[in-house]
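The residues making up each chain are set out below.
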2 protein chains.
Amino acid sequence: MDTSERLIRSTQELLWDRGYVGTSPKAIQQRAQAGQGSMYHHFKGKPDLALAAIRRSAEELRAESEVALGGGGTALERIEKYLRRERDVLRGCPVGRLAQDPDIIASDDLRQPVHETFDWLRHRLAEVLADGVARDELPADLDPEDTAATVAAVVQGGYVLARAASSPEPFERAIDGVRKLLGAISQH
Amino acid sequence: MDTSERLIRSTQELLWDRGYVGTSPKAIQQRAQAGQGSMYHHFKGKPDLALAAIRRSAEELRAESEVALGGGGTALERIEKYLRRERDVLRGCPVGRLAQDPDIIASDDLRQPVHETFDWLRHRLAEVLADGVARDELPADLDPEDTAATVAAVVQGGYVLARAASSPEPFERAIDGVRKLLGAISQH
DNA sequence: GTCTATAGCTGGATAGAC
DNA sequence: GTCTATCCAGCTATAGAC
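Just so we're clear, the structure is a prediction, and the values are computed from it rather than from any experiment.

A. Spatial organisation of the overall build of chain A. Within chain A, the secondary structure is distributed over 9 helices and 0 strands. The linear arrangement of helices and strands in chain A, starting from the amino end, is α-α-α-α-α-α-α-α-α. Counting only C-alpha atoms and orienting by the principal axes, one finds that chain A spans roughly 65 × 30 × 30 Å. Burial analysis of chain A (188 residues in total) assigns 56% to the buried set.

B. Summary view of the relation of the copies chain B and chain A. Mapping chain B onto chain A calls for a screw motion: a turn of 180 degrees about the axis and a shift of 0.0 Å along it, with 0.0 Å RMSD after fitting. On this basis, the relationship between the two copies can be described by a two-fold rotation axis. Across chain B, the smallest distance between a C-alpha and the rotation axis is recorded for G157 of chain B, namely 1.9 Å. Comparing contact sets, 100% of the residues at the interface of chain B also lie at the interface in chain A, consistent with an isologous, same-surface contact.

C. Looking closely at the side chain of Q100 of chain B. Along the chain, the position of Q100 of chain B falls in the loop between α5 (75–83) and α6 (102–106). Apart from the residues lying within four places of it in its own chain, the contact partners of Q100 of chain B are R97, Q100, V160 and R163 of chain A.

D. Representation of the UniProt feature "domain: HTH tetR-type" (unreviewed entry) in chain A within the structure. Using the residue numbers shown here, the UniProt feature "domain: HTH tetR-type" (unreviewed entry) corresponds to residues 1–61 of chain A. Secondary structure across residues 1–61 of chain A divides into 77% helix and 0% strand, with the first and last C-alpha atoms of the span separated by 21 Å.

E. How the structure looks around the packing of helix α8 (residues 144–165) of chain A against helix α7 (residues 108–134) of chain B. Remark: α8 of chain A packs on α7 of chain B, axes separated minimally by 8 Å, with the N-to-C direction vectors making an angle of 125 degrees. Between α8 of chain A and α7 of chain B, the angle falls in the class oblique. At the point where α8 of chain A passes α7 of chain B, the crossing takes the left-handed sense. Contact residues: L161, R163, A164 and A165 of chain A in α8 of chain A; R111, V114, H115, F118 and R122 of chain B in α7 of chain B.

F. Region of interest: the packing of aromatic side chains. Summed over the entire model, instances satisfying the criterion amount to 2 aromatic pairs over all chains. The ring of Y20 of chain A carries K46 of chain A above its face, with NZ or CZ at 4.4 Å from the centroid. One cation-aromatic arrangement involves R87 of chain B over Y82 of chain B; the distance from NZ or CZ to the ring centre is 5.0 Å.

G. Main features of the UniProt feature "DNA-binding region" (unreviewed entry) in chain A. UniProt records the feature "DNA-binding region" (unreviewed entry) at residues 24–43 of chain A, using the numbering of this structure. A distance of 14 Å separates the end C-alpha atoms of residues 24–43 of chain A, which is 75% helix and 0% strand.

H. Representation of the interface of chain B and chain A in the model. Taken residue by residue, the interface counts 47 residues in chain B and 47 residues in chain A. Both faces considered, chain B and chain A share a buried interface measuring about 4100 Å² in area, 63% of it formed by carbon and sulfur atoms. Counting the surface chain B buries against chain A, the share from its top three residues, Q100, R163 and L181 of chain B, is 17%. Where chain B touches chain A, the interface holds 10 salt bridges. Salt-bridge contacts for R173 of chain B lead to D146 of chain A; the nearest nitrogen and oxygen are separated by 2.8 Å. At the level of elements, α1 (3–18), α6, α7, α8 (144–165) and α9 (169–186) of chain B are the ones that each hand at least two residues to the side of chain B that touches chain A. Looking at the side of chain B that touches chain A element by element, the count peaks at 16 residues for α8 of chain B.

I. Examining unusual backbone geometry more closely. All names here are of chain A. Even without glycine at this site, D136 takes up a positive phi of about 65 degrees. Here D136 is to be found in the loop between α7 (108–134) and α8. Overall, the relative accessible area of 69% leaves D136 in the exposed class.

J. Up close: α8 of chain A. Residue and element names in this part refer to chain A. The terminal C-alpha atoms of α8, which comprises 22 residues, lie 31 Å apart, in line with the 32 Å expected from a rise of 1.5 Å per residue. Of all 22 residues in α8, 21 are buried, a share of seventy percent or more. Directly beyond the C-terminal end of α8, a positive phi value near 55 degrees is found at S166.

K. Molecular detail of the protein's contact with DNA strand C. The local shell around DNA strand C holds 16 residues, among which P25 and Q36 of chain A together with T3, S38 and H42 of chain B are the closest. Sugar plus phosphate, as a fraction of atoms of DNA strand C within 4 Å of the protein: 58%. In this structure, T3 of chain B approaches DNA strand C through a side-chain N or O atom, which is 2.9 Å from a phosphate oxygen. Between H42 of chain B and DNA strand C, the recorded distance is 2.9 Å, taken from a side-chain N or O atom to a phosphate oxygen. Within the residue set of the surface near DNA strand C, elements represented by two or more residues are α2 (25–32), α3 (36–42) and α4 (46–69) of chain A together with α3 (36–42) of chain B.

L. Structural view of the protein's contact with DNA strand D. Contacts to DNA strand D come from 15 residues, most closely from T3, S38 and H42 of chain A together with P25 and Q36 of chain B. If you look at DNA strand D and keep only atoms within 4 Å of the protein, 58% of those are sugar or phosphate atoms. Residue G35 of chain A places a main-chain N or O atom 3.3 Å away from a phosphate oxygen belonging to DNA strand D. Residue composition of the surface near DNA strand D, grouped by class: 2 nonpolar, 11 polar and 2 charged.

M. Main features of the nonpolar core. Ranked by size, the top nonpolar core spans 100 residues in total, and within it Y82 and L125 of chain A together with I79, Y82 and L125 of chain B carry the most contacts. Beyond its immediate chain neighbours, meaning those up to four positions away, Y82 of chain A contacts S65, A68, L69, R87, L121, L125, V151 and V155 of chain A.

Quick notes on the rules
- Residues numbered from 1 in each chain as written.
- Chains lettered and ligands numbered in written order.
- Predicted model: local features only at pLDDT ≥ 70, side-chain atom pairs only at ≥ 80, totals over all residues.
- Heavy atoms only, no water.
- Helix = DSSP H or I, 4+ residues; strand = E, 2+ residues; numbered from the N terminus.
- Buried < 20%, exposed > 50% of the residue type's maximum accessible area, 1.4 Å probe, protein only.
- Least-squares fit on C-alpha atoms with pLDDT ≥ 70 in both.
- Contact = heavy atoms within 4.5 Å.
- UniProt positions renumbered as here; feature names shortened; annotations may be inferred.
- Axes fitted to C-alpha atoms, helices over the stretch in contact; angles between N-to-C directions.
- Parallel < 35°, antiparallel > 145°, perpendicular 65-115°, else oblique.
- Left-handed = near helix turned anticlockwise from the far one by under 90°.
- Phe/Tyr/Trp six-rings, centres within 6.5 Å; stacked < 30°, edge-to-face > 60°.
- Lys NZ or Arg CZ within 6 Å of the ring centre and 35° of its normal.
- Buried area = accessible area lost by both parts, 1.4 Å probe.
- Salt bridge = Lys/Arg side-chain N within 4 Å of Asp/Glu carboxyl O.
- Expected span 1.5 Å × (residues − 1).
- Near = heavy atom within 4 Å.
- Polar contact = N/O pair within 3.5 Å; in protein donor to acceptor, adjacent residues only side chain to side chain.
- Nonpolar A, V, L, I, M, F, W, Y, C, P; charged D, E, K, R; others polar.
- Core = buried A, V, L, I, M, F, W, Y, C linked by side-chain atoms within 4.5 Å.

Here you go:
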C-alpha cells in the first residue's frame, strides 16, 4: 500500500473515532507511518486529506448498503437485511458521525459527500419500499419517502443511544422496534 | 446572573455547538465574560465545568420531555406531542450530541448524565406505550421497550440526517414516518 | 473572587535540504 | 518523495498579586 493510500485510510479511521475537530495531522502521520513532509506532499492540508477520506468512507458505505438493498427477496426482507447488517455498533456510523462535526457542517465541500450519502440511502430505501407497495407486500397508503427517512434515522439514532449507554442493547431494541412495526403493517 | 452560572450556561451552548473536543476554556471564558482566574476559581478545570454543564443540559431535556409525555390524552397523543416538540433541528440534540464525542464516551463521569438521560427517556416512553396497550389504544403485541427505543432513535437519527442535509426536511419526514406507522397499528 | 504572568505542549503549516 | 527545522497561534493549566 503506498503512502497516499495509507494516509487516506488512517484519516478514515481517525475521523470515525475522533471526528474532524479531534483529528490532528500529526496523529494521522503517526498512524500512517508517514512523515510530515510526506503528508503535505500528497495533500494540500488537513481539509484536503479529510475530503479524500470522507469520499472514500461514503463510497464504502454505499457499496455495503447496496449489498443488502439490491439483493433478492421481498421489500421487507431487503429492509431487514439492511437493518441487520453487521455493524460495529459502539463505534457508530463512519459517515453519520461526521454530520455532528461543526467544522464539517460549516464547510460545503466537506459536508457534500455526507449529504449525498444520506440522500442516496433515503432514496434507495424509498425505492425498495415503493417496490413493496407495488407488489402488494406493503399497504398502499404507506409513504415510501417518509418511511425511508424513518428507517435511516432509526439506525443513526440507534448508534447514539448505544454510545450513550456503552452497550449495543438500545441499538438492537430500536432496530427490533421498527422491524416489528413494519412487520405489523405488512399483514395488511 | 453570577459568574459561576454564566460559565455553566456558556459551556452548555458551546458543548451543544462544538462538542467537548471543540470547546476550549478560553472560548468559554470569552462567552461568559469571565477571566481565566475566575473560571479556575469556580471549577477545577475543563472536565469539571463540562460535567456541571452536561448535568444541567440533561436536567433541562428531561423536564422539557416530561411536559409532553406527562400531559393528558391518549398514549399516541402524548408520543406525538413528544415527537412534535419545538426543536432547533439543525442544531441537534444538546445531550445526544455528546454521545458522539470521544472524550465524553471515554470518561465514565462525563458519560453518566448522557447515559441516564436516554435510559430515563426510553423508560418514560415505554411507560406511556405500555399505558396505551393497557387501555387498548395500542395492540397487545406491541413491545413497549423496543418501540420506545425506536421512537427515541428516530429523533436522534433525524437530527443526524437533517444536519447532513443542512435542512430540517429529513427530520420532519422521519418523524412523520414513525407517526404514521404508530397510527396504522393503533387502528388494530 | 478576579487579574495578569508564565509555562509547556500541541495544532497546522511552510521551507529548504536531500 | 521524504526528512528535518522552524514558525506562530492556540490549548490547558498553575502561580501569585490585588
